[in-house]
Amino acid sequence: MTDDMMSLRSLLEKNSDADLLREMIGFAAQRLMELEIEGLTGAGHGERSPERLNHRNGYRDRIWETRAGSVELRIPKLRKGSYFPGFLEPRRTAEKALTAVIQEAYIQGVSTRSVDDLVQAMGMSGISKSQVSRLCAEIDDKVQTFLGRPLEGDWPYLWLDATYVKVREAGRIVPVAVIVAVAVNTDGRREVLGLAIGASEAETFWTEFLRSLARRGLRGVKLVISDDHKGLKAAASRVLGATWQRCRVHFMRNLLAHAGRQGRRVVSAFVATAFAQEDAASAKAQWRQVADQLRPKAAKLAALMDQAEADVLAYMTFPKEHRTKLHSTNPLERLNGEIKRRTNVVGIFPNEAAITRLIGAILLEQNDEWAVQRARYMTLEKLATMTDDPLIKLPNAAA
């Protein structure tokens, strides 16, 4: 301990302010690794002990990129086995959650070929229920804290999307909808707001989910972006008083499915002219003109355009700088892809708590990644005009 204090004191005395934080991070990381190695070997560096479990075997150098800059680390090596510091492990919480779900499925007899193969490959066949319970409790606490945190400020834009997974329920295997909510606040930052699991995407389910977000502090929502869910449209209006934007990408897929193989390219080009307009009035006028042109030979396509006009073009009334991110649920596609990749490994979940554990851990890590990104997701100046807070609307507030 005295040597550590002397090292820290000399560090403070000889370094400039610009390098101090980076050097302190490196000092703390190096000390943490030494403590972990002492626990794994059963003895301190150079110490003789009859209780020694392993021996050191030199170091390997590694550069650790942090927000304070590049930190040079010397990672200890072991003579038997390997060691890698936990703070360098990527996606550690999600990987632990995946392991916990696989273990829980295995010990509860939810046997699929992929789960069995993973259990054998990871050497987890000797696990006990108590071990699984401890690991699950550790992850559940972090996930529930994250999913239940208070929401502060205004959130002008809210994206909602659903994916389906299979879960064992009362001896049967049933599909359930997993809803993910992502929003942008008036600071231009993206955050994952919540997660919900339901048997279907009925209006009552959407209403309860949005109310749960409102109870946590969600306010100031101007636009909700999602796929075509009539129940969600009604719930968004009732609970949040927000406009609903139907995902433009999903609408085009539905529309072109009725256009036939030969007519898809032409119809797509015609409809795209409405999306290329500069303002809402021009877009609506062009939309009606395209629908009228299609009506004589493709009445069904024209009817679909008539029904969807207000919902598909809702984003056109918002700032031009934001429209590329508002017209569809594409901002969630990468996140949904990661969720599907992890859930496909499990196949069948043993219960709904396991679903929340794994997907919640993925969302937690994605939220952390967004939090440390330097660039804002949307421009601050335009978002300042979207808030209901009169103080933020002052001209010098966004300067």
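Owing to the predicted nature of the structure, the values given are computational and were not obtained by experimental measurement.

### Description of the side chain of T163
Phase 1: Secondary-structure assignment places T163 in strand 3 (residues 157–169).
Phase 2: Here T163 is in contact with V176, A177, V178, I339 and K340, once residues within four sequence places are set aside.

### Describing the pairing of strand 7 (residues 243–246)
Remember that side chains alternate between the two faces of the sheet whenever the strand is regular.
Phase 1: Where strand 6 (residues 223–226) and strand 7 come together, four bridges link them in parallel fashion. Its bridge partner lying in strand 7, V224 is registered against W244.

### Points about the pattern of salt bridges
For side chains bearing opposite charge, pairing can occur when the charged atoms are close.
Phase 1: Scanning all chains against the criterion turns up 15 salt bridges.
Phase 2: Among the ionic pairs, K320 bridges to E278, the shortest N-O distance being 2.6 Å. Here E278 lies in the loop between helix 9 (260–275) and helix 10 (280–294) and K320 lies in the loop between helix 11 (299–312) and helix 12 (323–326), a separation of 42 residues in the sequence.
Phase 3: On the basis of relative accessibility, which here comes to 49%, the residue K320 falls in the partly exposed class.
Phase 4: In this structure, the salt-bridge partner of D292 is R295, at a minimum N-O distance of 3.0 Å.
Phase 5: Counted as one network, the salt bridges with shared partners bring together D292, R295 and D306.

### Details of the packing of helix 8 (residues 248–257) against helix 11
Phase 1: Between helix 8 and helix 11, whose axes approach to 11 Å, the crossing angle comes to 175°. Here helix 8 lies roughly antiparallel to helix 11, going by the angle between them. Contacts between helix 8 and helix 11 involve R248, F251 and L255 from the former and L301, L304, M305, A308 and V312 from the latter.
Phase 2: Tallied by class, residues from the contact of helix 8 with helix 11 come to seven nonpolar, no polar and one charged.

### Things to note about the packing of aromatic side chains
Phase 1: Counted by the stated rule, this structure contains five aromatic pairs.
Phase 2: Measuring from centroid to centroid gives 6.2 Å for W159 and Y377, while their planes differ by 80°, and the two rings are edge-to-face. You can see W159 sitting in strand 3 and its partner Y377 sitting in the loop between helix 14 (352–371) and helix 15 (380–384), a full 218 residues away along the chain.
Phase 3: Members of the aromatic cluster, each reached through a chain of ring pairs, are F251, F275 and W287.
Phase 4: Above the plane of the ring of Y377 lies K325, whose end atom (NZ or CZ) is 4.1 Å from the centre.

### Some details on the environment of D311
Phase 1: Along the chain, D311 falls in helix 11.
Phase 2: D311 gets classed as buried once you look at its relative accessible area, which sits at 9%.
Phase 3: Here the alpha-carbon distance between D311 and T243, two residues 68 residues apart in the chain, equals 8.6 Å.
Phase 4: Residue contacts for D311: discarding those within four places in its chain leaves K233, W244, Q245 and R246.

### With respect to helix 9
Phase 1: Look at helix 9: 22 Å from first C-alpha to last across 16 residues, which is about the 22 Å you get at 1.5 Å a residue.
Phase 2: By the largest-angle criterion, V266 marks the main kink of helix 9, which is about 25°.
Phase 3: Taken together, the buried positions of helix 9 are G263, V267, V271, A274 and F275.
Phase 4: Those residues of helix 9 that are buried lie in contact with helix 8, helix 10 and helix 11.

### Describing the pairing of strand 3
Phase 1: One ladder, built from 13 bridges, connects strand 3 with strand 4 (residues 172–184); its direction is antiparallel. Pairing of D161 across the sheet is with V180, part of strand 4.
Phase 2: With antiparallel pairing between neighbouring strands as the criterion, strand 3 and strand 4 make up a hairpin whose turn holds two residues, including A170 at a positive phi of roughly 55°.
Phase 3: In terms of strand pairing, strand 3 meets strand 6 through three bridges, oriented parallel. By the bridge assignment for strand 6, Y157 is matched with L223.
Phase 4: For strand 3 and strand 8 (residues 348–349), the ladder comprises two bridges, and the chain directions are parallel. Bridge pairing in strand 8 links K166 to I348.

Conventions adopted
- Residue indices begin from 1 for each chain and proceed along its sequence in written order.
- Local features in this predicted model are restricted to residues whose pLDDT is 70 or higher, and side-chain atom pairs enter the listing and the counts only when it is 80 or higher, whereas totals over whole chains, interfaces and linings include all residues.
- To obtain the side-chain values, all non-hydrogen atoms of the structure were included, while hydrogens and water were left out.
- Helix and strand assignments come from DSSP, with helices taken as H or I runs of at least 4 residues and strands as E runs of at least 2, each series counted from the N terminus.
- Contacts were defined at the residue level, with two residues in contact if any of their heavy atoms lie within 4.5 Å.
- For two strands to count as paired, DSSP must find a minimum of two bridges between them.
- The salt bridge criterion pairs a side-chain nitrogen of Lys or Arg with a carboxyl oxygen of Asp or Glu, the two atoms within 4 Å.
- Relative accessible area decides the class of each residue, using a 1.4 Å probe on protein chains only: under 20% of the type maximum gives buried, over 50% gives exposed, and in between gives partly exposed.
- Geometry is summarised by axes, namely lines fitted to C-alpha atoms with helices restricted to the contacting stretch, and by angles between N-to-C directions that run from 0 to 180 degrees.
- With respect to orientation, any angle under 35 degrees is reported as roughly parallel, any angle over 145 as roughly antiparallel, any angle of 65 to 115 as roughly perpendicular, and every other angle as oblique.
- Any residue that is not Ala, Val, Leu, Ile, Met, Phe, Trp, Tyr, Cys, Pro, Asp, Glu, Lys or Arg is counted as polar, Gly included; the first ten are nonpolar and the last four charged.
- Stacked, tilted and edge-to-face are the three classes assigned to paired rings of Phe, Tyr and Trp, where Trp is represented by its six-membered ring and a pair needs centres within 6.5 Å; plane angles under 30 degrees give stacked, over 60 edge-to-face, the rest tilted.
- Definition used: whenever NZ (Lys) or CZ (Arg) falls within 6 Å of the ring centre and also within 35 degrees of the ring normal, the charge is taken to sit over that ring.
- To estimate how far a helix should reach, multiply one less than its number of residues by 1.5 Å.
- The bend reported for a residue corresponds to the angle between axes fitted to the seven residues ending at that residue and the seven starting there.

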